[in-house]
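Below are the chains, spelled out letter by letter.
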Amino acid sequence: ITVVLMPLLMRWAVPLGIIDMPEARKVHAVPIPRVGGLAMGGGVLAAMLPWGFAAQPFQSLTLGIGVLLCFGVWDDRRSLGAAPKFAGQAIAALIVMFWGGVIIGVLTPSDRLPLPEWIALPLTGLFLLGGTNAFNLADGLDGLAGGMSILCFCGTALLAFTVGDVAVGSVAVIFVGAVIGFLRFNTHPARVFMGDTGSQVLGFSAAVLAIVLTQDPRTPLSTALPLLLMGMPIIDTLTVMTERVLARRSPFKADRRHIHHRLLSLGLEHWEAVSVLYLLQSLLFVAAWYLRFASDVTVLLV
């Protein structure tokens, strides 16, 4: 479905004004349609809605995706400021938290440790918003965010099927299919970008699925595994924002301090920089597999 939708949306990108124009901090030199997120969103929703996932976490995820698609298209057309972006992300996060019951309510420093609500709710909101923006900020090279998300969703699916959580595993595989359809057009040199629409939907969905999987009381998985499953985007985001704050600049102001920019400045080709980041994310997934039953302290240290 994503592959079928992509050429149609690319044809309408200019009339709709969903085009990514070249800038000093970007690596492309010609205008590129930013409709990949819409095509992936269409593919995911077309697969999830008829399937009829009855559990509220998946129904709320579907509605959250719809909210992010609306705000994302608005952003891709008008380049919204930080406040409207966060508003859309916050609405999606509140939907899955309070309607879907997606809450980080337990940690596993050794045994399962229930968290009080005044800690659980802010922690969940922070992780959902952080994961959403981590993939958004990591979307800087052709195929980078898409490949990262495939590794994340594949890792989530494997862990889910291993512990018998078929619902989470199946939804993760749906996302893998949608991203594969997108990468058909996004591999370097890219003919289409996912835009904020796609990166926010992927980051948000990856975070939600990781929470649902690791917070299930029937599974013995470490509750800190989402940090490894979404490792490189999280590491990149924390590193860049810390450096911006230390330089007394806004942590949300775009620049060329991301890991992929630095790899290019070292002389690596486009595909080489992407491959290095794929490899690093793969190593984090391997670590997640071997530490899947470890304590949160061990996972956090890694």
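Up top is the structure.
(A) Up close: the overall build of the protein. Each helix and strand in the protein was counted, giving 13 helices and 4 strands. Radius of gyration (C-alpha) of the protein: 18 Å, near the 19 Å computed for a compact globule of 302 residues. Reported as C-alpha extents along the three principal axes, the dimensions of the protein are approximately 55 × 45 × 35 Å. Taking all 302 residues of the protein together, the buried fraction comes to 52%. In the protein, 71% of the contacts between residues at least 6 apart in sequence involve partners at least 24 apart.

(B) Region of interest: the packing of helix α6 (residues 144-162) against helix α8 (residues 195-215). Packing of α6 against α8 brings their axes to within 10 Å, and their N-to-C directions diverge by 20 degrees. In terms of orientation, α6 lies roughly parallel with respect to α8. Taken as a pair, α6 and α8 cross one another with a handedness that is left-handed. Taking contact as the criterion, the partners of Ser149, Cys152, Phe153, Thr156, Leu159 and Ala160 in α6 are, on α8, Leu202, Ser205, Ala206, Leu209 and Leu213. Classifying every residue of the contact of α6 with α8 gives 8 nonpolar, 3 polar and no charged.

(C) Summary view of the pattern of salt bridges. In total, this model carries 6 salt bridges according to the counting rule given. The salt bridge partner of Asp216 is Arg218, with a shortest N-O separation of 2.8 Å. Since its relative accessible area comes to 10%, Asp216 is described here as buried. Within this structure, Asp75, Lys85 and Asp196 form a network of salt bridges that share partners.

(D) Focus on helix α7 (residues 166-186). End to end, α7 covers 30 Å across 21 residues, agreeing with the expected 30 Å (1.5 Å per residue, within 8%). In terms of burial, α7 is a largely internal element, 15 of the 21 residues being buried.

(E) Just the side chain of His270, in detail. Considering the arrangement of structural elements, one finds His270 in helix α12 (residues 270-290). Overall, His270 belongs to the buried group, its relative accessible area being 11%. Of the polar contacts made by the side chain of His270, one reaches the backbone nitrogen of Asp142; its length is 3.2 Å.

(F) Focus on the nonpolar core. The biggest cluster of nonpolar side chains holds 76 residues, and the ones touching the most others in it are Phe175 and Leu209. With 11 residues, α7 is the largest single contributor of residues to this core.

(G) Here's a closer look at the packing of aromatic side chains. Per the stated rule, a full pass over the model turns up 2 aromatic pairs. An angle of 50 degrees between the planes, with centres 5.9 Å apart, marks the rings of Phe71 and Trp74 as tilted. Note that Phe71 and Trp74 are positioned in helix α3 (residues 56-78) at a spacing of 3 residues, about one turn of the helix. For Arg184, the ring lying beneath its charged end belongs to Phe185, and the centroid distance is 5.5 Å. Sitting over the ring of Trp289, Arg292 keeps its end group 3.9 Å from the ring centre.

The rules we used
Residues numbered from 1 in each chain as written. Predicted model: local features only at pLDDT ≥ 70, side-chain atom pairs only at ≥ 80, totals over all residues. Heavy atoms only, no water. Helix = DSSP H or I, 4+ residues; strand = E, 2+ residues; numbered from the N terminus. Rg over C-alpha atoms; globule rule 2.2 N^0.38 Å. Buried < 20%, exposed > 50% of the residue type's maximum accessible area, 1.4 Å probe, protein only. Contact = heavy atoms within 4.5 Å. Axes fitted to C-alpha atoms, helices over the stretch in contact; angles between N-to-C directions. Parallel < 35°, antiparallel > 145°, perpendicular 65-115°, else oblique. Left-handed = near helix turned anticlockwise from the far one by under 90°. Nonpolar A, V, L, I, M, F, W, Y, C, P; charged D, E, K, R; others polar. Salt bridge = Lys/Arg side-chain N within 4 Å of Asp/Glu carboxyl O. Expected span 1.5 Å × (residues − 1). Polar contact = N/O pair within 3.5 Å; in protein donor to acceptor, adjacent residues only side chain to side chain. Core = buried A, V, L, I, M, F, W, Y, C linked by side-chain atoms within 4.5 Å. Phe/Tyr/Trp six-rings, centres within 6.5 Å; stacked < 30°, edge-to-face > 60°. Lys NZ or Arg CZ within 6 Å of the ring centre and 35° of its normal.

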